[in-house]
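Residues per chain are reported as follows:
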Amino acid sequence: MFIDRVKIKVMAGDGGDGVTAFRREKFVPRGGPSGGDGGVGGSVWMESDEGLNTLLHLRYNPEHKAERGRHGEGSNRHGRDGEDATIKVPVGTQVFDVETEDLIFDFTKAGQRFLAAKGGKGGWGNQHFATPTRRAPKFHYTGRPGEEKELQLELKLIADVGLVGFPNAGKSTLISVISAAKPKIADYPFTTLEPNLGVVDLGEYKTFVVADIPGLIEGASEGAGLGDRFLRHVERTKLILHLVDVSSISGRNPVEDYEIINRELANYNQDLAERPQIVVATKIDALDEPERLENLRQKAAQDGKEFLEISAVTNKGTKELISVTSQKLNEIKESEIDLNQHIDDVE
Ligand SMILES: Nc1nc2c(ncn2[C@@H]2O[C@H](COP(=O)(O)OP(=O)(O)OP(=O)(O)O)[C@@H](O)[C@H]2O)c(=O)[nH]1
Ligand SMILES: [Mg+2]
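First, a word on scope: everything that follows refers to the structure included in this document. This one's a predicted model, so the numbers in the text were calculated from it and none came from an experiment.

1. Describing the coordination of the magnesium ion (ligand 2)
Taken together, Ser-172 (OG) and Thr-192 (OG1) make up the protein donors of the magnesium ion (ligand 2), found 2.0 to 2.1 Å from the metal. Of the two residues, Ser-172 sits in helix H2 (residues 171-178) while Thr-192 sits in the loop between H2 and strand E10 (196-203), which places them 20 residues apart along the sequence. A residue is classified by how much of its surface remains accessible, and Ser-172, at 9% relative accessible area, is buried. Exposure remark for Thr-192: the relative accessible area of 11% places this residue in the buried category.

2. Focus on the environment of Pro-167
Inspection of the secondary structure assignment puts Pro-167 in the loop between strand E9 (161-165) and H2. Excluding its chain neighbours within four sequence positions, the residues that come into contact with Pro-167 are Pro-189, Phe-190, Gly-215, Leu-216 and Ile-217.

3. Section: the pattern of salt bridges
Scanning the entire structure with this criterion turns up 15 salt bridges. The closest approach of N and O atoms between Arg-236 and Asp-106, which form a salt bridge, is 3.2 Å. Here the residue Arg-236 occupies a position in the loop between strand E11 (206-212) and strand E12 (239-245), and Asp-106 occupies one in strand E6 (residues 103-106), the gap between them amounting to 130 residues. Asp-106 sits in the partly exposed class, given a relative accessible area of 26%. Where salt bridges share partners, they join Glu-47, Lys-88 and Arg-113 into one cluster.

About the cut-offs
Residues numbered from 1 in each chain as written. Chains lettered and ligands numbered in written order. Predicted model: local features only at pLDDT ≥ 70, side-chain atom pairs only at ≥ 80, totals over all residues. Heavy atoms only, no water. Donors = N, O, S within 2.8 Å, 3.2 Å for Na, K, Ca; no water. Helix = DSSP H or I, 4+ residues; strand = E, 2+ residues; numbered from the N terminus. Buried < 20%, exposed > 50% of the residue type's maximum accessible area, 1.4 Å probe, protein only. Contact = heavy atoms within 4.5 Å. Salt bridge = Lys/Arg side-chain N within 4 Å of Asp/Glu carboxyl O.

Shown next as structure tokens:
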């Protein structure tokens, strides 16, 4: 099961109470105040962990509590601080405050830590309140409550490349051919109901990550089919592979399909429509009217988009697709570095 949204409750520990006590020693008839302070309550932290890919572990474990601080004791003894609690989340998790709906943290790298709920301060014991005129204070402070919050966690898979297209375009078949992912593949629409991630191995420890998402149809941005909510998984990708079925058996018009999907992308988010996109004609092993392919090629050229043709069944063109994709990703990364340097120079 793929879980990408979960609500949790975080409860930091309360601070321990201070205490009222007086020194009792042999031969010291009236000892001064000696009540120790309460310990600090434990805090709840969140930490991003590379080894996690889903929020599933939090779905069945939605409450996270840190330990409370212990109360102070006599002889000026400080109560022990409560232990912190840590919640591990995958990289790509965004944290929203349920009450305000604000985004309060965004885990973009492994090993980031975020203080989700701060432990309460310990109360002061009566030792702090002695003054020349009040030598035997008979009061102390209680500990402060720990913070408590409800958080909505959302995981956006961070893939480099997103596959988009109509149902049956061959998205899952492609990811199964170029990566170790084994998604369900079938000749009916909406076979894929949840996103799949695949890691494409380029050798020499170089890889890129591809996201296969459920198919889109006309009106997806208004909720048709499965809607367009899965597009959030390709929102952060650097490159879109737009798969278009050009086979004769499909009975579809490739140019029309291509235009519809681009319209749906723009309706979802204009940024996504402007993202670098490679148009990939699929199922060319089952093509007997070459003009279907040529029309799409022309259309892509008009739009200034790169164009490739593949068959995932015969493997024709898939190697080239991988090498063009990785080259394009490198170009995009380099231009991002240039841009950052430029921004640094300007500042
Ligand atoms: N002839 C041929 N058939 C293909 C090729 N690629 C995929 N198919 C077939 O097309 C059908 C749909 O493939 P999928 O990979 O499930 O398509 P999808 O785009 O993931 O579809 P959804 O998950 O429904 O959006 C399956 O029956 C595949 O076997 C290809 O290169 N050639
Ligand atoms: Mg699929």
